[in-house]
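Here are the chains, one letter per residue:
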Amino acid sequence: MGLFDAVKDQFLDVIQYEDKSNKLIIAKYQRDSGNNELKQGSKVIVRESQNAVFLKGGILADILPPGTHSLTTENFPILSSLKAFPYLFVSPVIADVYFVSTRQFIDNKWATKNPIMKRDKDFNMVRIRAFGKFAFRIVDVAAFMREVFGTKGIVMTYDVVTYLSSMVTEAFAVTVGQTHQSVLDLATEYRNLSTEIQQRVNEQAAPLGIQFSDIIVENLSLPDEVEALIDEQSGIGMATRDMASFMQYQTARAMRDAAKQKGGLAGLGAGMALGNTMAQSIQETAGTSSDTHSKAEQLRELKALLDEGILTQEEFDQEKKVILGNR
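Every value quoted in this text rests on a predicted model; they were computed, and no experiment measured them. (Residues numbered from 1 in each chain as written. Predicted model: local features only at pLDDT ≥ 70, side-chain atom pairs only at ≥ 80, totals over all residues. Heavy atoms only, no water.)

What is the right way to read the side chain of Ser194 from this model?
Tracing the chain through its elements places Ser194 in helix 6 (residues 190-205). Taking relative accessible area as the criterion, Ser194 reaches 2% and is therefore assigned buried. Reaching out from Ser194, the side chain makes a polar contact with the backbone oxygen of Tyr190 at a distance of 2.8 Å. Other than its neighbours up to four places away in sequence, Ser194 contacts Ile215, Ile216 and Val217. (Helix = DSSP H or I, 4+ residues; strand = E, 2+ residues; numbered from the N terminus. Buried < 20%, exposed > 50% of the residue type's maximum accessible area, 1.4 Å probe, protein only. Polar contact = N/O pair within 3.5 Å; in protein donor to acceptor, adjacent residues only side chain to side chain. Contact = heavy atoms within 4.5 Å.)

In this structure, what is going on with unusual backbone geometry? I would like to understand it.
Most peptide bonds take the trans form, and the phi angle of most residues other than glycine is negative. The phi torsion at Asn22 lies on the positive side, around 60 degrees, for a residue other than glycine. Looking at where Asn22 falls in the secondary structure, it is placed in the loop between strand 1 (14-15) and strand 2 (26-28). Despite not being glycine, Asp107 shows a phi value in the positive range, around 60 degrees. Mapped onto the secondary structure, Asp107 falls in strand 10 (residues 105-111).

How should the sheet that holds strand 1 be read in this particular structure?
What holds strands together in a sheet is hydrogen bonding between their backbones, with the strands either parallel or antiparallel. Judged by pairing direction, the sheet is mixed, and its three strands sit side by side in the order 1-4-7 without closing on themselves. Bordering the open sheet on either side are strand 1 and strand 7 (67-70), each of which pairs with just one other strand. Where strand 4 (residues 43-46) meets strand 7, four bridges bridge the pair, whose relative direction is antiparallel. Residue pairing for strand 7: Lys43 is matched across the bridge by Ser70. (Pairing = 2+ DSSP bridges.)

These figures capture arrangement, not role.
Below, the structure is given as structure tokens:
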């Protein structure tokens, strides 16, 4: 330390911290000279959405809320009792000062690193992946400093977010595992699912002094092979409802693919012939089904007339032969 720095350190300090990046959760106040002495009468400026935390020998001392404070024994009762009380702060106290942000940190990402196994009423057993975002804030600075900063030794913002992300992922796994809803139903219940996850993870985070203000489930997906089977089942369902339209669509696709291949014109001709044959077969089947349905309706109407006594048995038998083509 130079002579100028030594003299400069004897003047009263203004202790403050401005996070220009707006991304830091916790930052340590440090003089340029590296001297951490706190002097009687120095000012501590704590900005909005900040708390100033004083540590002496690794022990949590005093916490200051937003505002301008003077270093006196009245404002720092714990710190004074630890070191400076006999001297009424006349002797400087060496302590570490940290500024903890209490604002809301948004747009943090979470995701399942490995698929989560779930029993499912539609698919029996499935593997689920999911990802989303979460927001959090520090609501109890003392608990945060003791449990996260002190016990777990987490200091960097990235490490804090990573740790919280793992908590959200765990809560998601437990919530999905306990629900009786199928995966297909969960895909339409993102908001309710997010609410359940948030309630569960806040119970775990409360002792840490952290509150999750929002959790969002952005996507929930199945393995590619399972999604392919779902698409195939959808196609089968479409074919069952309207076989003629489905076959026409499939024929058009086959003709398009054949035209792209080597010798595509020949393949295209064969495809058109096959398509016509299939379409004709479908139409005949549909026509037969429609004709059979029409005859059945006529017979029902005829039977109703017989039951009401409007037709005799002989007349009924005669009309029945006509309808069935046995005349």
